[in-house]
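As a plain string of letters, each chain reads:
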Amino acid sequence: MPSATPGRSSATPGTSSETPAVPSGSLVLVGAGPRGTGILERIAANAAELYGGSGLDIHLVDPYPPGAGRIWRHDQSPLLWMNSQAQDVTLFTDDTVEIAGPVLPGPALHEWSGRAGRDFLDRREQGAYLRWVYERAVAALPAGVTVHHHPCRALRVTGARDARQEVTLEGAAAPLVADLVILTQGHLDAEPDAEQAELADHARRNGLVYLPPDFTADSDLSRLAPGAPVLVRGFGLAFVDLMVLLTEGRGGRFAGDTYHPSGREPVLHVGSRRGVPYRAKIGYDWTGGRPPLPRFLGPAQIDELLARPGGFDFERDVWPLVEKELGFAHYHRLFAAHPDRTRTAWTDFDEKYAACDPGSPALDALVASAVPDPADRLDLTALDHPLAGVRHTSYAALQDGLRDHIAADLARRHDPGHSPDLAVFLGLLSVYGQVVRLGDVGPWWHGFFSHLASGPPGPRLRQLLALSRAGVVRFLGADVRVTAADGVFRAASPTLPGHITEARALVEARLPQPSLARTRDPLLRALYAEGAASTAAGLLAVDPADGRVLDRAGVPHPRRFALGPHTDARGAGAFTRPRTNSPTFRQNDATARAVLRFLRTP
């Protein structure tokens, strides 16, 4: 193994045949992207208080560069943007974060980069920020702590519960030996599910192109021929990446609201369950007082849900509280900023609103009496089903209708006259930070949250409109059904009854659903086969207190931890908005402190 300097990092080839010597402490961290970097920052922050060993080796195992990891690596198109404004991204704690360890502030992305807060940086710039955070965390480690990077995959972790663990590396003759292992692999590749396998088989037998769910930057888009129709299922952020890479990425250019094709673009026929893209990022700043959140879904309500002997049901027990919390945020802002659109005093409304049961007719009646214009009332069902009941009689009408919808959304999201939308966004952030404590609540909630709170930058939707007018992107509608027969793929939607679109290519524009049973990660697949617990949605189950991996009897493993989107300790993403008491920071700190306490024990 190459020598390494304490407090510094060392790249260690995965082909080393040595078994590393074990000092007084040794830790393997599988996954060196932003979540792994966040753990490392918290280890550095807490080490002075909690670690008394004479030395510590930290082994980072990731084929991609530390800090940036796979998603934010430099080796990708500069056309791909972040989905967050630079002012909304940080890996550093602040005084809003409720943690036992020390708060160590640092620059948010816009402060570090010198860019405007509202800028949407490209992913390579974000990767550079993450690399800087990683290097700063390494430099902050105390003397005697050495970080080694192994640029390869981890294949398996073995070892008794009361013994050091062995992590097998791809291409290495001997495993890494460690006291503890932390799994922060991030987004996982997955084997196809039954439907995807059938579609892939149909493509193979008929010479078609089928691209399953994947990180778009890693998909082989060269298989999509210029001018050829392509069915695209999915209208979220993966679609936006696909749209960019197949248009600007193939030499087309935008001039204002006009797109000038290169002639190398395929024709993208896009649809999804909702049939519309995620709602655009809000384009104005908050003014005035913020709604006091949480109000109806806070720690006390989560504690009560977790304490129920029979457990809880999301739709029955959680969603009504979510709905009431988001309604409170919406009406608090409406009454404060737009009182001319209300009929009563806020104090009177607030008192009655608090007394109404979530989702009750009494609450609906209260809102109707106090807010005269239905357009000023929050309707979460309508937001989740924007094309419900919409039927077009011609293909051209469908295209016009979708363009009108997108243009209206863009206008609304940049109009402070609709500032209750921004209050709902803040409510969603608050709710997400609470709901994460409930563990795996199923994919619907995350999809709903993403649709309203994690949509694309406004400029991307303006580009989408330009591509639609140019005929490069065409809309299918909502509740799209895809079938495979007669040597082609077909798509249909009730939004345009009787219309069928055929193509010889189909792209699933979304990330794979995390699933231990179908993951391509050999380490996690082996853990699952050997008894690690999986949630109903296929996530790795962990102890909510500190991230220890649970077995199927609910017993935490003393030497194995996991955090991130492949677990039910997802947090709020790899990084978070400043001053939001992020659950990601709370999880990272709790895990780092548990690790250091374990390692200091003789």
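Residues numbered from 1 in each chain as written. Predicted model: local features only at pLDDT ≥ 70, side-chain atom pairs only at ≥ 80, totals over all residues. Heavy atoms only, no water.

A. Spatial organisation of helix α7 (residues 314–337). Look at α7: 33 Å from first C-alpha to last across 24 residues, which is about the 34 Å you get at 1.5 Å a residue. Between a side-chain oxygen at the N-terminus of α7 and the backbone nitrogen of E315 the separation is 3.2 Å; the capping residue is D313. (Helix = DSSP H or I, 4+ residues; strand = E, 2+ residues; numbered from the N terminus. Expected span 1.5 Å × (residues − 1). Polar contact = N/O pair within 3.5 Å; in protein donor to acceptor, adjacent residues only side chain to side chain.)

B. Focus on the pattern of salt bridges. Following the criterion strictly, the structure yields 40 salt bridges and no others. If you follow the salt bridges from partner to partner, you end up with R70, R73, D189, D214 and D218 in one network. (Salt bridge = Lys/Arg side-chain N within 4 Å of Asp/Glu carboxyl O.)

C. Layout of the packing of aromatic side chains. One pass over the full model with this rule turns up 26 aromatic pairs. Counting every residue linked through ring pairs, the aromatic cluster contains F296, F328, Y331, F335, W346, F349 and Y353. Positioned over the ring face of Y353 is K324, at 5.6 Å from the centre of the ring. Here R552 stacks its cationic end above the ring of Y528, 4.7 Å away from the centre of that ring. (Phe/Tyr/Trp six-rings, centres within 6.5 Å; stacked < 30°, edge-to-face > 60°. Lys NZ or Arg CZ within 6 Å of the ring centre and 35° of its normal.)

D. Local environment of the sheet that holds strand β10 (residues 229–233). Pairing in this open sheet of five strands is parallel, and the strands run β9-β18-β10-β13-β14 from one edge to the other. Across the chains shown, the open sheet's two edge strands, defined by having one partner strand only, are β9 (209–211) and β14 (473–477). Recorded for the sheet is a direction-independent mean angle of 20° between the axes of neighbouring strands. Where β10 meets strand β13 (residues 267–271), five bridges bridge the pair, whose relative direction is parallel. Across the sheet, the residue bridging to R233 is G271, located in β13. Helix α11 (residues 395–413) contacts β13 and β14 of the sheet and is inclined by roughly 100° relative to β14. (Pairing = 2+ DSSP bridges. Axes fitted to C-alpha atoms, helices over the stretch in contact; angles between N-to-C directions. Contact = heavy atoms within 4.5 Å.)

E. The side chain of D62, seen in detail. Here D62 is to be found in the loop between β3 (56–61) and α2 (109–113). There is a polar contact of 2.8 Å between the side chain of D62 and the backbone nitrogen of A32. Not counting chain neighbours up to four residues away, the residues in contact with D62 comprise G31, A32, G33, H149, H150, P151 and C152.

F. Quick peek at the pairing of strand β18 (residues 505–508). Side chains of β18 alternate between two faces, with A505 and V507 and L506 and E508 buried alike. Bridging between β9 and β18 involves three bridges; their strand directions are parallel. What sits directly across from Y210, in β18, is L506. Strand direction decides the pairing type here: β10 and β18, joined by three bridges, are parallel. Bridge pairing in β18 places V232 opposite V507. (Buried < 20%, exposed > 50% of the residue type's maximum accessible area, 1.4 Å probe, protein only.)

G. Local environment of the confidence of the model for the protein chain. Here the protein chain shows a mean pLDDT of 94. Residues at 70 or above account for 95%. In this model, residues 1–6 is a region of pLDDT below 50 whose contacts with residues beyond four sequence positions or in other chains number 19 contacts. (pLDDT = per-residue confidence, 0-100.)

H. Geometry of the sheet that holds strand β15 (residues 481–485). Within the open sheet, the three strands sit side by side as β15-β16-β17. Their pairing is antiparallel. Each edge of the open sheet is held by one strand with a lone partner, namely β15 and β17 (500–503). This sheet shows a mean twist of 25° between the axes of neighbouring strands, independent of strand direction. Contacts from helix α4 (residues 194–206) reach β15 and β16 (488–492), with the element oriented near 135° to β16.

I. Spotlight on unusual backbone geometry. The linkage connecting L293 with the following residue, P294, adopts the cis geometry, with an omega of 0°. Tracing the chain through its elements places P294 in the loop between β13 and α6 (299–307). Positive phi values are uncommon outside glycine, yet D479 reaches one of about 50°. Relative to the elements of secondary structure, D479 occurs in the loop between β14 and β15. The partly exposed category is assigned to D479, whose relative accessible area is 45%. A positive phi angle, close to 50°, is found at N581, a residue other than glycine. Mapped onto the fold, N581 is located in the loop between β20 (556–562) and α16 (583–600).

J. Here's a closer look at the environment of A100. Locating A100 in the fold gives a position in the loop between β3 and α2. By relative accessible area, A100 is classed as exposed at 60%. In this structure, the C-alpha to C-alpha distance between A100 and N46, residues 54 residues apart in sequence, is 9.2 Å. Look past the residues within four positions of A100 in its chain and what remains in contact with it is D589 and R593.

K. Representation of the packing of α11 against helix α14 (residues 458–469) within the structure. At a minimum axis distance of 10 Å, the contact between α11 and α14 shows a crossing angle of 160°. Relative to α14, α11 is oriented roughly antiparallel. Considering how the two elements wind past one another, α11 and α14 form a crossing that is left-handed. In this structure, α11 uses R403, I406, A407, D409 and L410 to contact α14, whose residues at the interface are G458, L461, R462, L464, L465, S468 and R469. Partitioning the contact of α11 with α14 into residue classes produces six nonpolar, two polar and four charged. (Parallel < 35°, antiparallel > 145°, perpendicular 65-115°, else oblique. Left-handed = near helix turned anticlockwise from the far one by under 90°. Nonpolar A, V, L, I, M, F, W, Y, C, P; charged D, E, K, R; others polar.)

L. A look at the pairing of β3. With six of its six residues buried, β3 lies for the most part within the structure. Inspection of the sheet shows strand β2 (residues 26–30) paired to β3 by five bridges, in the parallel sense. Bridge pairing in β3 places V28 opposite H59. As paired elements, β3 and strand β4 (residues 145–150) share six bridges and run parallel to each other. Bridging from a neighbouring strand, L56 pairs with V145 of β4.

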